[in-house]
Amino acid sequence: MSEKKAEKFPTYKGKPLVRCGDTIYYGSMKDKYVIKMDIKSKKKVKDLEVADRVAVHLMYTDAAVRNRKQIVRSSEQKGLYLALDIASAWLSRALAEDNDH
């Protein structure tokens, strides 16, 4: 039997980042909350295409929660760096509050 190697994802502030097209998930699906970032528009900077507008959503990971009820908090940010900063703050707070209860 061959041993399966665990997939290693890039991280930001200790939490995994998983990208699928123009959607980036931040956090672990094992936790109660995760951040979903949707890249709404891009712009060209020299030869590189970068995210311009990014929608940020704090969501429940529980599949039993209906789709419309999964999103706890939303915002739109200009650029991926601002989106990641707010995502990190929201996720940290949500997970800390969840652990307090």
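Look a little higher up for the structure.
Values in this document were obtained by computation on a predicted structure and should not be read as measured data.

**Side note on the overall build of the protein**
Link 1 in the chain: Secondary structure assignment for the protein yields two helices and six strands.
Link 2 in the chain: Along the chain direction, N to C, the helices and strands of the protein fall in the order β-β-β-β-β-α-β-α.
Link 3 in the chain: Structurally, the protein occupies a C-alpha span of about 45 × 40 × 25 Å along its principal axes.
Link 4 in the chain: Partitioning the contacts of the protein with sequence separation of at least 6, the portion at a separation of at least 24 is 37%.

**A closer look at the sheet that holds strand β2 (residues 15–20)**
Link 1 in the chain: Strand order in the open sheet formed by six strands is β1-β2-β3-β4-β5-β6, with antiparallel pairing between adjacent strands. Sheet topology places β1 (11–12) and β6 (71–78) at the edges, where each strand pairs with a single neighbour.
Link 2 in the chain: Where β1 meets β2, two bridges bridge the pair, whose relative direction is antiparallel. In the sheet register, Tyr12 faces β2, and the bridge partner there is Lys15.

**Side note on the side chain of Asp52**
Link 1 in the chain: One can find Asp52 in strand β5 (residues 48–60).
Link 2 in the chain: Ignoring sequence-local partners within four residues, the contact set of Asp52 consists of Ser41, Lys42, Lys43, Gln77, Lys78 and Gly79.

**Some thoughts on the pattern of salt bridges**
Link 1 in the chain: Scanning the entire structure with this criterion turns up six salt bridges.
Link 2 in the chain: In this structure, Lys36 and Asp38 form a salt bridge, with 4.0 Å as the shortest nitrogen-oxygen distance.
Link 3 in the chain: Under the relative-accessibility criterion, Lys36 is labelled partly exposed at 23%.
Link 4 in the chain: Connected through shared salt-bridge partners, Arg19, Asp22, Lys42 and Glu49 make up one network.

**Some words on the layout of surface pockets**
Link 1 in the chain: There is about 370 Å³ of room inside the largest pocket.
Link 2 in the chain: Lining the largest pocket are 14 residues, and of these Arg19, Ile24, Ile39, Ala51 and Leu80 lie nearest its centre.
Link 3 in the chain: Looking at the lining of the largest pocket, the elements that each hand over two or more residues are β2, β4 (33–45), β5 and α2 (80–100).
Link 4 in the chain: Among the residues forming the lining of the largest pocket, the class breakdown is ten nonpolar, one polar and three charged.

**Here we look at the nonpolar core**
Link 1 in the chain: Of all hydrophobic cores here, the largest spans 18 residues; its most connected members are Tyr26, Ile35, Met37, Val56, Leu58 and Leu91.
Link 2 in the chain: The element best represented in this core is α2, accounting for seven residues.
Link 3 in the chain: If sequence neighbours within four positions are ignored, Leu91 has contacts with Lys15, Tyr26, Gly27, Tyr33, Val34, Ile35 and Leu58.

**Thoughts on the side chain of Gln77**
Link 1 in the chain: Relative to the assigned elements, Gln77 resides in strand β6.
Link 2 in the chain: The class for Gln77 is buried, based on a relative accessible area of 17%.

Conventions used here
Residues numbered from 1 in each chain as written. Predicted model: local features only at pLDDT ≥ 70, side-chain atom pairs only at ≥ 80, totals over all residues. Heavy atoms only, no water. Helix = DSSP H or I, 4+ residues; strand = E, 2+ residues; numbered from the N terminus. Contact = heavy atoms within 4.5 Å. Pairing = 2+ DSSP bridges. Salt bridge = Lys/Arg side-chain N within 4 Å of Asp/Glu carboxyl O. Buried < 20%, exposed > 50% of the residue type's maximum accessible area, 1.4 Å probe, protein only. 1 Å grid on protein atoms, 1.4 Å probe; cavity = no way out; pocket = protein on both sides within 12 Å on 5 of 7 lines; lining within 4 Å. Points joined across faces, edges and corners; volume = space filled by probe spheres on them. Nonpolar A, V, L, I, M, F, W, Y, C, P; charged D, E, K, R; others polar. Core = buried A, V, L, I, M, F, W, Y, C linked by side-chain atoms within 4.5 Å.

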